[in-house]
Amino acid sequence: MTTIRGAYPVLITPMTQEQEIDWGGVKNNVNYFLNQGVAGIVINGSTGEFVSLSKEEKFQMVETIMKEVNGRIPVIVGTAAETTKETIEYTKQAEAHGADGALIINPYYMKPKENEIYHHFKEVSSSVNLPIMLYNNPFTSGVNMSTDLMLQIGKDCENVTHIKESSGEIGKVRDLARKGKGDFEVFCGAEELVMESYLVGATGWISVAGNIVPRLVTDMYNHFQNGELKEAWAINDRILPLCAFLEGSGKYVQIVKRAMELTGQAGGPARYPRLGLSPEEDQKLKDLLASLETVNN
């Protein structure tokens, strides 16, 4: 089984001006991240606008990227859906095409109760032989899973090997990492709490900022792993304003797409109803990129 650790950029879905997927841009971006030395990538996630993509597009994204990566780095596929049946279908498709893991948030519209969430993950886990990263994000799903629930799912569901914790509660990261040791590993999902998460036991980061500064987030993790805390904190301090902008703007998809364009990669518009950045937001992004330029080599 592939080891899943480190900083994993969660990729955008590049699009044409007509808001159709730019498949050449998809391949371009994948190779860009490979050349930047990232530990792995995540596709069909929130930053990839998965809720705005059709089933056929999501399936084609998996096929295209798995073929392009060709085993060079691990690929985690977002396979969440509103029903357990659909989630299983997406996860099986990812498994069939050689994905290294599935990232799954709880059904996000119905706001399921804890026993329903448990049953959901139990059913999905027992239907595949693919590592699953359970994803807790109350801001997008409307449900903040309790630590006890996640610990129970991690213990009882053999294929749940990781948990992405995005509630912003550092105590949850700590308790999951310590109490879940041996059952699963924890990834940081909060852009502004990365070093703190590493310090309390997280073994990776599903990183939105990693799209924009892939080498920096990779170096930051590697410095931490090598016990070079001063160097890791120095990178954290440099990228923190960018992370705060991504977290606080409500436009993380549009920010990343614009940043990809500004750095010579494929971006394009987001699908409506998401609109582009205001002139003020665009200038702020350019200023942030300029401030990072000296260390983004």
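Residues numbered from 1 in each chain as written. Predicted model: local features only at pLDDT ≥ 70, side-chain atom pairs only at ≥ 80, totals over all residues. Heavy atoms only, no water.

Another aspect to go through is the overall build of the chain. The helix and strand inventory of the chain stands at 12 helices and 8 strands. What you see for the chain is a C-alpha radius of gyration of 18 Å, in line with the 19 Å of a compact globule of 297 residues. C-alpha atoms of the chain, sized along the principal axes, occupy 45 × 45 × 35 Å. For the chain, the residues scored as buried account for 56% of the 297 residues in total. Excluding contacts between residues fewer than 6 apart, the proportion of contacts in the chain whose partners are at least 24 apart in sequence is 72%. (Helix = DSSP H or I, 4+ residues; strand = E, 2+ residues; numbered from the N terminus. Rg over C-alpha atoms; globule rule 2.2 N^0.38 Å. Buried < 20%, exposed > 50% of the residue type's maximum accessible area, 1.4 Å probe, protein only. Contact = heavy atoms within 4.5 Å.)

Let us now look at the sheet that holds strand β3 (residues 75-78). Read from one edge to the other, the open sheet built from 8 strands follows the order β1-β8-β7-β6-β5-β4-β3-β2, with strand pairing classed as parallel. At either margin of the open sheet sits one strand with a lone partner, and together these are β1 (6-9) and β2 (41-43). Across the sheet, the axes of successive neighbouring strands diverge by a mean angle of 25°, strand direction being ignored. In this sheet, strand β5 (residues 132-136) lies alongside strand β4 (residues 101-105) in parallel orientation, the contact comprising 4 bridges. Pairing of I105 across the sheet is with Y135, part of β5. Strands in contact with helix α4 (residues 114-127) are β4, β5 and β6 (160-165); relative to β4, the strand with the most contacts, it is inclined by about 165°. (Pairing = 2+ DSSP bridges. Axes fitted to C-alpha atoms, helices over the stretch in contact; angles between N-to-C directions.)

Our next topic: empty space enclosed by the protein. This structure, assessed with the given rule, holds 6 cavities of 30 Å³ or more. What lines the largest cavity is a set of 13 residues, among which G45, S46, F50, L103 and Y135 lie closest to the centre. Broken down by element, the lining of the largest cavity gets its largest block of residues, 3 residues, from β4. Its residues assigned to classes, the lining of the largest cavity shows 7 nonpolar, 5 polar and 1 charged. (1 Å grid on protein atoms, 1.4 Å probe; cavity = no way out; pocket = protein on both sides within 12 Å on 5 of 7 lines; lining within 4 Å. Points joined across faces, edges and corners; volume = space filled by probe spheres on them. Nonpolar A, V, L, I, M, F, W, Y, C, P; charged D, E, K, R; others polar.)

As a further point, take the UniProt feature "active site" (unreviewed entry) in the chain. Mapped onto this numbering, the UniProt entry gives "active site" (unreviewed entry) at Y135 and K164. The named residues occupy 30 residues along the chain; their greatest pairwise C-alpha distance, 4.7 Å, places them in one compact cluster. Narrowing the list just given to those that line the largest cavity leaves Y135 and K164. Its location among the elements puts Y135 in strand β5. Y135 sits in the buried class, given a relative accessible area of 7%. Beyond its immediate sequence surroundings of up to four residues, Y135 is in contact with S46, L103, I104, I105, N106, M145, K164 and S166. With respect to the helices and strands, K164 occurs in strand β6. In this structure K164 touches L103, M133, L134, Y135, N136, F187, C188, G189 and I206, once residues within four positions along its chain are discounted. (UniProt positions renumbered as here; feature names shortened; annotations may be inferred.)

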